[in-house]
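# Descriptive analysis of the structure
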Amino acid sequence: MRNIKRINSDIMEILMSDYKIERDESQIETFYIYLDGPKNSLYEEGRWKLSIILPEDYPYKSPSICFQNKIYHPNIDYFSGAVCLDVI
């Protein structure tokens, strides 16, 4: 059973952050966050899109986080963009 109040509360907290967020109103469990590269780094000009999917038993199970564009990092699967669960 979904905890809609908890989902809405967590998403509202993210929406009030400085990140650019996209939501698909037809799918409450899926949204996208855009991250800019850190200033004064090689990635300063970059922008990454992450999809976040909240599982049926959220918050008791971790969300699925996946980079939509390519990024090279030891904790991110290069081919799928999936973030290693140990990081979450």
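Presented here is an overview of the structure given in this document.

## Topic: the overall build of the protein
Within the protein, the regular secondary structure consists of one helix and four strands. Listed N to C, the secondary structure of the protein is α-β-β-β-β in terms of helices and strands. With the C-alpha coordinates aligned to their principal axes, the bounding extent of the protein is approximately 45 × 25 × 20 Å. For the protein, buried positions account for 27% of its 88 residues.

## What to know about a nonpolar patch on the surface
Together, Met12, Leu15 and Met16 line one region of the surface with nonpolar side chains, adding up to about 320 Å² of accessible area. Mapped onto the fold, Met16 is located in the loop between α1 (4–15) and β1 (20–23). The exposure class assigned to Met16 is exposed, which follows from its relative accessible area of 68%.

## Quick notes on the pairing of β1
As paired elements, β1 and strand β2 (residues 30–36) share four bridges and run antiparallel to each other. Residue pairing across strands places Lys20 opposite Tyr34, the latter belonging to β2. Hairpin geometry of β1 and β2 is characterised by an intervening segment of six residues between the two adjacent antiparallel strands.

## What about the sheet that holds strand β3 (residues 47–53)?
Read from one edge to the other, the open sheet built from four strands follows the order β1-β2-β3-β4, with strand pairing classed as antiparallel. Each end of this open sheet is capped by a strand with a single partner; those strands are β1 and β4 (64–67). Each strand of the sheet is rotated relative to its neighbour by a mean of 25°, with strand direction disregarded. Across the sheet, α1 lies against β1 and β2, angled at about 140° from β1, the strand it touches most.

Calculation notes
- Residues numbered from 1 in each chain as written.
- Predicted model: local features only at pLDDT ≥ 70, side-chain atom pairs only at ≥ 80, totals over all residues.
- Heavy atoms only, no water.
- Helix = DSSP H or I, 4+ residues; strand = E, 2+ residues; numbered from the N terminus.
- Buried < 20%, exposed > 50% of the residue type's maximum accessible area, 1.4 Å probe, protein only.
- Patch = residues over 30% accessible without salt bridge, like charges linked within 9 Å, V, L, I, M, F, W, Y side chains within 5 Å.
- Areas by Shrake-Rupley, 256 points an atom, 1.4 Å probe, with all protein chains shown as cover.
- Salt bridge = Lys/Arg side-chain N within 4 Å of Asp/Glu carboxyl O.
- Pairing = 2+ DSSP bridges.
- Axes fitted to C-alpha atoms, helices over the stretch in contact; angles between N-to-C directions.
- Contact = heavy atoms within 4.5 Å.

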